[in-house]
Amino acid sequence: MLHFPPACTVVPPRIPTCIVGLGPGGFIGPTAHGPNLLATNTFSICAAATEPGTEFHLNVADNLRLPQDMVSSDFGALLDRLVMMHKAGDLKLPPVVDICTPTHLHARQISLAATKGIRYIITDKPAVAEINEIRQVSDVLNRTGAKLWVTFNHRYNFIVAWLKAYVATHRERIESIHAGFLQDWLMKEVHFRQADWRTAHKYCALLDILTHAEDLAGYVAGSPIVAVEDASMEMSGVFAQKANFYDAGDSQFICGNGLKGRARCSQSRAGHADDIYVCVTEKGGRQLMWRMEWNSDALMVGQAPNFHDRHKFAQHLRGHSDFFAMELGDADLAGRLAQQFGKNPPGHIQGWDTLWYFLFLGVAGAIYRDLGCLPYVPFLPLSMQIEPPTFADAGIQATAYVHAHVKSAESGGKRVELAEVLAL
């Protein structure tokens, strides 16, 4: 449970939230968003939008302990009700809409929510799949003033934050940054709703997981990726070849500060369940790596040509090693980061769900600050001072990266600027 310091005499009320995408085919909403919104003790689920054409709203209302009239398959009517309840004072804070639906629905649902008067919106990644959808969402956000956050949650742990600080502090030492995301769940044909909508888009793996690798690389580099070259994409698995979607990709990227590296992904790579990593290679060859599948709360230090030989890396666990303060050269910053991203006691590892927890704490902090001079804002815990990814940076960046990657691959690996695809 999150605790506010004694000096905070007024603990902020929970932020009322409507989750969109709780239906028979729902995946990320009930497994990641809902549980971790509640775990922060800063959000409350006050409503839910379910899939049209089903009776699933009855089940969702029971499971969430909500009145039946707050769970509906009529998203527009539910939005009207939420806005009305806030105006009437039944909701102390403006309601948040959290979109957990298939990507092709995001732009339409974001636009509807903002137009109806919803001030704060969260959407699962990628925010949108197409360049014209970037323009659509940007236009409606500019017109309405609504704020949109994107759930790139793999930034939110001590090791990744430390790597970002290390690169910023020792830029002259850095040779390259590599990032990747390897899975095996699409090696064979699968039959469930999550697979149906993800594999429906030809750029399946690029949108689904290469965007995570891109986000990690640019975040650790401290500078957005501005160009892609030497790109390739494959239909490597039997299912991908049969259904005609790309399940693997690889490319070199160039950041705005001059750092380079490679980002790769595969959803048909045997033996990898959820293997996302970012690896900083120094000019002397030493590598500093965060790898969720190996240990989500440890820095891997070593040297291996392809990053995959676990025996070549030593582990340094958050809160359990002097390495972080010594190598960074700033004990105060290392300690602050360890505290900011420390849900479990030092020396005890954390997991995938914890990354979501810190992401949503960052969103809650951003909402509280945006609401103005409230009495609790100066006392927000460190974990609520994390900057969450916005559509204006992480959302647009990810979609532009995918389209630059595709354009580079289709042109034999030529360099493609992200600004070039955004201008199309």
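Before reading on, note that the structure itself is shown above.
Residues numbered from 1 in each chain as written. Predicted model: local features only at pLDDT ≥ 70, side-chain atom pairs only at ≥ 80, totals over all residues. Heavy atoms only, no water.

S.K.: Can you lay out the overall build of the protein for me, pointing to particular residues and giving the numbers?
M.R.: Secondary structure assignment for the protein yields 14 helices and 15 strands. For 424 residues, the compact-globule estimate of 2.2 N^0.38 gives 22 Å, and the C-alpha radius of gyration of the protein, at 21 Å, lies within 12% of that figure. In terms of its C-alpha atoms, the protein occupies a principal-axis envelope of roughly 65 × 55 × 40 Å. Taken over 424 residues, the protein has a buried fraction of 59%. Taking contacts inside the protein between residues at least 6 apart in sequence as the whole, the part at least 24 apart equals 69%. Of the accessible surface of the protein, which amounts to about 16900 Å², a share of 53% is contributed by carbon and sulfur atoms. Between the mean site of the 37 positive side-chain charges and the mean site of the 42 negative ones, the protein shows a separation of 2 Å. (Helix = DSSP H or I, 4+ residues; strand = E, 2+ residues; numbered from the N terminus. Rg over C-alpha atoms; globule rule 2.2 N^0.38 Å. Buried < 20%, exposed > 50% of the residue type's maximum accessible area, 1.4 Å probe, protein only. Contact = heavy atoms within 4.5 Å. Areas by Shrake-Rupley, 256 points an atom, 1.4 Å probe, with all protein chains shown as cover. Lys, Arg positive; Asp, Glu negative; His and termini not counted. Charge placed at Lys NZ, Arg CZ, Asp CG, Glu CD.)

S.K.: Before we move on, can you summarise the sheet that holds strand 6 (residues 147–150) with the specific residues and values?
M.R.: Here six strands make up an open sheet; going across it, the order is 3-2-1-4-5-6 and the pairing parallel. In this open sheet, the two strands that pair with only one neighbour each are strand 3 (71–72) and strand 6. The sheet contacts of helix 3 (residues 75–87) involve strand 1 (15–20), strand 2 (43–49), strand 3 and strand 4 (96–99), and relative to strand 2 the element is tilted by about 145 degrees. Sheet strands in contact with helix 12 (residues 352–370) are strand 1, strand 2, strand 4, strand 5 (120–123) and strand 6, and its direction is about 165 degrees off that of strand 6. (Pairing = 2+ DSSP bridges. Axes fitted to C-alpha atoms, helices over the stretch in contact; angles between N-to-C directions.)

S.K.: Explain the layout of surface pockets to me, and be specific about the residues and the numbers.
M.R.: Reported here for the largest pocket is a volume of approximately 430 Å³. The biggest single contributor to the lining of the largest pocket is helix 7 (residues 193–198), with four residues. Split by residue class, the lining of the largest pocket holds eleven nonpolar, nine polar and five charged. (1 Å grid on protein atoms, 1.4 Å probe; cavity = no way out; pocket = protein on both sides within 12 Å on 5 of 7 lines; lining within 4 Å. Points joined across faces, edges and corners; volume = space filled by probe spheres on them. Nonpolar A, V, L, I, M, F, W, Y, C, P; charged D, E, K, R; others polar.)

S.K.: Can you lay out the sheet that holds strand 7 (residues 174–182) for me, pointing to particular residues and giving the numbers?
M.R.: Pairing is mixed across the open sheet formed by nine strands, whose spatial order is 14-13-12-11-7-10-9-8-15. Every other strand in the sheet has two partners, leaving strand 14 (313–317) and strand 15 (416–417) as the edge strands with one partner each.

S.K.: Describe the packing of helix 3 against helix 4 (residues 106–116), with residues and values.
M.R.: Where helix 3 contacts helix 4, the two axes come as close as 10 Å, and the packing angle between them is 30 degrees. By the angle class used here, helix 3 and helix 4 are roughly parallel. Crossing of helix 3 against helix 4: the hand is right-handed. Of helix 4, the residues touching helix 3 (which contributes Phe75, Gly76, Leu79, Asp80 and Val83) are Gln109, Leu112, Ala113 and Lys116. For the contact of helix 3 with helix 4, the residue count by class is five nonpolar, two polar and two charged. (Parallel < 35°, antiparallel > 145°, perpendicular 65-115°, else oblique. Left-handed = near helix turned anticlockwise from the far one by under 90°.)

S.K.: Go over the pattern of salt bridges with me, naming the residues and quoting the values.
M.R.: In this structure the tally under the stated criterion is 18 salt bridges. The salt bridge involving Lys116 is made with Asp80; its shortest N-O contact spans 3.1 Å. Taken together, the residues Lys116 in helix 4 and Asp80 in helix 3 connect sequence positions 36 residues apart. Looking at Lys116, the relative accessible area reads 29%, which means it is partly exposed. Its relative accessible area of 39% is what places Asp80 among the partly exposed residues. (Salt bridge = Lys/Arg side-chain N within 4 Å of Asp/Glu carboxyl O.)

S.K.: Describe unusual backbone geometry, naming the residues involved and giving the relevant values.
M.R.: With the exception of glycine, most residues fall at negative phi, and the peptide bonds are largely trans. In this model, Lys125 is joined to Pro126 through a cis peptide bond whose omega is -15 degrees. Position of Pro126 among the secondary structure elements: in the loop between strand 5 and helix 5 (131–144). A positive phi angle, near 65 degrees, is found at Asn41, a position not held by glycine. The residue Asn41 is located in the loop between helix 1 (28–39) and strand 2 in this model. Looking at Asn41, the relative accessible area reads 25%, which means it is partly exposed.

Such coordinate-based values are descriptive only and should not be taken to indicate function.
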